[in-house]
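An overview of the molecular structure
Here is how the chains run, residue by residue.
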Amino acid sequence: MTKKVRLEQIKADIIEQNICPNLAKTAKQLVFGHGNPTADIVFVGEAPGKKEDETGEPFVGAAGNFLNTMLASINLKRSDTYITNIVKYRPPNNRDPLADEKAAFLPFLFSQIDVINPKVIITLGRHSTACFIPDQQISDIHGQPMRVEIPVNGKTHTWTVLPLYHPAAALYNGGLRSTLLEDFQIIPSLITKET
Ligand code: URA
């Protein structure tokens, strides 16, 4: 089975198992993930916003535009990467995802990443970072790659995780914009390294 087909299967499982029915009811559609299923880089955001809910693609609003700018700064395009979120339905009024919503989607996120098997997982913001690196402040660990052990379907995987601030935060805080752009510059070294 190709990676694309395996990812389609995980998407179908979320729908079939009726994960987070309350969110499914208020959202327009499931925003599963988008990009290259053989990418070296997987970005993990928080949850879809309004534009993502309308289009079915993650990070297509203002935060997504800034993500594209940061990718261009290291000569990469969105299509070189795979982009997804922890929570796959838009929470009402863009509220923060709840702990039980994140927990419900987590096994599917880990399976998704297991299929892609990237060289680096880039977590965008504190919600996504805490799923991989708990009990840490993003302000202390942003821009520092870490090797993290994650259990997936009965096996433990060791993945490289790069925690970054959420691009939306940079839209409100100009200082974070340059921090994010600086942190981005480490990415090429993480994807050329043979691990
Ligand atoms: N913010 C996120 O965390 N994810 C998106 O898809 C869009 C905005």
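Preceding this paragraph is the structure being described.
What this report covers is the structure whose coordinates are included nearby.

Rules behind the numbers
Residues numbered from 1 in each chain as written. Predicted model: local features only at pLDDT ≥ 70, side-chain atom pairs only at ≥ 80, totals over all residues. Heavy atoms only, no water. Near = heavy atom within 4 Å. Polar contact = N/O pair within 3.5 Å; in protein donor to acceptor, adjacent residues only side chain to side chain. 1 Å grid on protein atoms, 1.4 Å probe; cavity = no way out; pocket = protein on both sides within 12 Å on 5 of 7 lines; lining within 4 Å. Sits in = over half its atoms within 2 Å of the grid points. Nonpolar A, V, L, I, M, F, W, Y, C, P; charged D, E, K, R; others polar. Axes fitted to C-alpha atoms, helices over the stretch in contact; angles between N-to-C directions. Helix = DSSP H or I, 4+ residues; strand = E, 2+ residues; numbered from the N terminus. Parallel < 35°, antiparallel > 145°, perpendicular 65-115°, else oblique. Left-handed = near helix turned anticlockwise from the far one by under 90°. Contact = heavy atoms within 4.5 Å. Expected span 1.5 Å × (residues − 1). Buried < 20%, exposed > 50% of the residue type's maximum accessible area, 1.4 Å probe, protein only. Arc of directions from axis to C-beta. Salt bridge = Lys/Arg side-chain N within 4 Å of Asp/Glu carboxyl O. Phe/Tyr/Trp six-rings, centres within 6.5 Å; stacked < 30°, edge-to-face > 60°. Lys NZ or Arg CZ within 6 Å of the ring centre and 35° of its normal.

Attention now moves to the site of the ligand. Within the structure, the ligand sits among Gly45, Glu46, Ala47, Pro48, Glu52, Pro58, Phe59, Asn85 and His166. Contact distances for the ligand include 3.0 Å between a nitrogen atom and a backbone N or O atom of Ala47. Between the ligand and His166, the relevant distance is 2.8 Å, taken from an oxygen atom to a side-chain nitrogen or oxygen of the residue. At a threshold of 2 Å from the grid points, most atoms of the ligand map onto the largest pocket. The class makeup of the residues in the shell around the ligand is four nonpolar, three polar and two charged.

Turning next to the packing of helix H4 (residues 62–73) against helix H9 (residues 174–184). One can describe the packing of H4 onto H9 by two numbers: an axis separation of 9 Å at closest approach and a directional angle of 40°. Classified by the angle their axes make, H4 and H9 are oblique. The handedness of the crossing between H4 and H9 comes out as right-handed. Contacts between H4 and H9 involve Phe66, Leu67, Thr69, Met70, Leu71 and Ser73 on the former and, on the latter, Arg177, Leu180, Leu181 and Phe184. Tallied by class, the residues present in the contact of H4 with H9 amount to seven nonpolar, two polar and one charged.

Its 14 residues place the ends of helix H1 (residues 3–16) 20 Å apart at the C-alpha level, agreeing with the 20 Å of an ideal helix rising 1.5 Å per residue. Residues of H1 that are buried: Leu7, Ile10 and Ile14. Buried residues in H1, looked at end-on, bunch into an arc of 55°, giving them a common side. Across H1 from its buried face, at more than 90 degrees, point the exposed residues Ile15 and Glu16.

This model, assessed by the stated rule, comprises four salt bridges. Of the charged contacts, one joins Lys50 and Glu54 as a salt bridge, the two residues approaching to 3.2 Å between their closest N and O atoms. Residue Lys50 and its partner Glu54 are both found in helix H3 (residues 50–55); the two are separated by four residues, about one turn of the helix. For Glu101, the salt bridge identified is with Arg95, shortest N-O distance 2.8 Å. Residue Glu101 is classed as buried on the basis of its relative accessible area of 7%. A relative accessible area of 29% means that Arg95 is categorised as partly exposed.

A few words on the packing of aromatic side chains. In total, this model carries three aromatic pairs according to the counting rule given. On the basis of an interplanar angle of 15° and a centroid distance of 6.0 Å, the ring pair of Phe43 and Phe184 is categorised as stacked. In this pair, Phe43 is assigned in strand S2 (residues 41–45) and Phe184 in helix H9, connecting sequence segments 141 residues apart. Judged by its relative accessible area of 0%, Phe43 falls in the buried class. Centroid distance Phe110 to Phe132: 5.5 Å. Interplanar angle 70°. Geometry classified as edge-to-face. Pair noted here: Phe110 is in helix H5 (residues 99–116) and Phe132 is in helix H6 (residues 126–132), with a separation of 22 residues, a long-range link. Residue Phe110 is classed as buried on the basis of its relative accessible area, which comes to 9%. Across the ring face of Phe32, the terminal group of Lys88 is positioned such that the distance to the ring centre comes to 5.8 Å.

Backbone geometry places Asn18, a non-glycine residue, at a positive phi of 55°. Turning to its location among the elements, Asn18 is positioned in the loop between H1 and helix H2 (21–26). With relative accessibility at 48%, the residue Asn18 sits in the partly exposed group. The phi torsion at Asn94 lies on the positive side, around 60°, for a residue other than glycine. Here Asn94 shows up in the loop between strand S3 (82–85) and H5.

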